[in-house]
Amino acid sequence: MTIRALETSEVLRRADELARIFQRAFGYSDERRDHFRDTRLAYLPLYDGTLTLGAFDGAALVGFVYGFDYQPEHWWPQQVGPALAQAGLDAWTQDAFELNELEILPEHQGRGLGTALMTELLRRAPHRHVLLSTTADPADRAKVLYRRLGFVDLVPGFRYAGVTEPANIMGLQRSQT
C-alpha cells in the first residue's frame, strides 16, 4: 500500500472514484454518492488549507482522507461552532483543522489503512487542534480509531439542524512545541 497526497485538481479528476469509495464505505445510495461528489468534492477549491491523501493498492485508489483549515464562515463551523462555544470549548476552533472524511473500501478495512492515513494527515497538518464529527454510535469503528490516536469527545449527542440522528464532535489537541 502507498499513501500519497492528492492535489485538489486530482481530487476533482477522480471525483467519481472517490464518491464510489464514499458510497461503498457506508452502503449509501447512488443519490447520496452523487450529492457527495457534486457538493463536498466539487467545493474543495473554496476551502483554504485543503489536504487530501489517498491510499493506493498498486494503481487502485482504495481509501482517502481529507480536510482543510477550520473557517468560521463555512457550513460545518457554523453548525458546530456555537455548540463548542456553549460547552466552553470555543478555543478548540482556533488554529484548527477540520477533518472532513476518512473512507476506505470495505475489503481493505481492518488492515491499518485508516491509521496510516490519519497518522500521515496529522503529520502534515500543522494545526494545534483537529476537529471532526462522527456518529454517536458507541460501537463506531472510526470512533475507536480516533480515540486511539488521542481524540476526545467534545460535544457528544450533537444535533445538526434538520438531522434526526445525533453526531459526536471530537477533537485532538496537540501540545505546542
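Anything mentioned here points back to the structure above.
The structure displayed is predicted, hence computed values, not measured ones. (Residues numbered from 1 in each chain as written. Predicted model: local features only at pLDDT ≥ 70, side-chain atom pairs only at ≥ 80, totals over all residues. Heavy atoms only, no water.)

Here Ala-85 is to be found in helix 4 (residues 75-86). The partly exposed category is assigned to Ala-85, whose relative accessible area is 38%. In the structure, Ala-85 is positioned 60 residues away from Ala-25 in sequence and 32 Å away in space, judged by C-alpha atoms. (Helix = DSSP H or I, 4+ residues; strand = E, 2+ residues; numbered from the N terminus. Buried < 20%, exposed > 50% of the residue type's maximum accessible area, 1.4 Å probe, protein only.)

Below, the discussion takes up the packing of helix 2 (residues 15-26) against helix 3 (residues 30-41). One can describe the packing of helix 2 onto helix 3 by two numbers: an axis separation of 9 Å at closest approach and a directional angle of 130°. Comparing the axis directions of helix 2 and helix 3 gives the class oblique. Handedness of the helix 2/helix 3 crossing: right-handed. Facing Ala-15, Asp-16, Leu-18, Ala-19, Arg-20, Phe-22 and Gln-23 of helix 2, the residues of helix 3 in contact are Asp-30, Arg-32, Arg-33, Phe-36, Arg-37, Arg-40 and Leu-41. Here the residues of the contact of helix 2 with helix 3 sort into six nonpolar, one polar and seven charged. (Axes fitted to C-alpha atoms, helices over the stretch in contact; angles between N-to-C directions. Parallel < 35°, antiparallel > 145°, perpendicular 65-115°, else oblique. Left-handed = near helix turned anticlockwise from the far one by under 90°. Contact = heavy atoms within 4.5 Å. Nonpolar A, V, L, I, M, F, W, Y, C, P; charged D, E, K, R; others polar.)

Now for helix 3. Taking 1.5 Å per residue, twelve residues should reach 16 Å; helix 3 reaches 15 Å between its end C-alpha atoms and fits that length. Inspection of helix 3 places Arg-33, Phe-36, Thr-39 and Leu-41 among the buried residues, and these make up the whole buried set. Buried residues along helix 3 cover an arc of 155° about the axis, so they all sit on one side. Every exposed residue of helix 3 that faces more than 90 degrees away from the buried side is listed here: Glu-31 and His-35. Packing partners of the buried residues in helix 3 comprise helix 1 (8-13), helix 2, strand 3 (60-69) and strand 4 (96-104). (Expected span 1.5 Å × (residues − 1). Arc of directions from axis to C-beta.)

For helix 4, the complete set of buried residues consists of Trp-76, Pro-77, Gln-79, Val-80, Gly-81, Ala-83 and Leu-84. Looking at the buried side of helix 4, the elements it contacts are strand 4, strand 5 (129-135), strand 6 (152-158) and strand 7 (167-173). In the segment just after helix 4, Gly-88 is the residue with positive phi, at about 75°.

We now examine the packing of aromatic side chains. Both the distance between ring centres and the angle between the ring planes are used here to describe each pair of aromatic rings. Here the structure, examined in full by the defined rule, presents twelve aromatic pairs. Arranged with centres 5.8 Å apart and planes meeting at 65°, the rings of Phe-22 and Phe-26 form a pair that is edge-to-face. Highlighted residues: Phe-22 and Phe-26, both in helix 2, separated by four residues, approximately one helical turn. Note on Phe-22: relative accessible area 3%, which makes it buried. By relative accessible area, which is 43% here, Phe-26 ends up partly exposed. One aromatic cluster is present, built from ring pairs that chain together Phe-22, Phe-26, Tyr-28, Phe-36, Tyr-47, Phe-64, Tyr-66 and Phe-68. (Phe/Tyr/Trp six-rings, centres within 6.5 Å; stacked < 30°, edge-to-face > 60°.)

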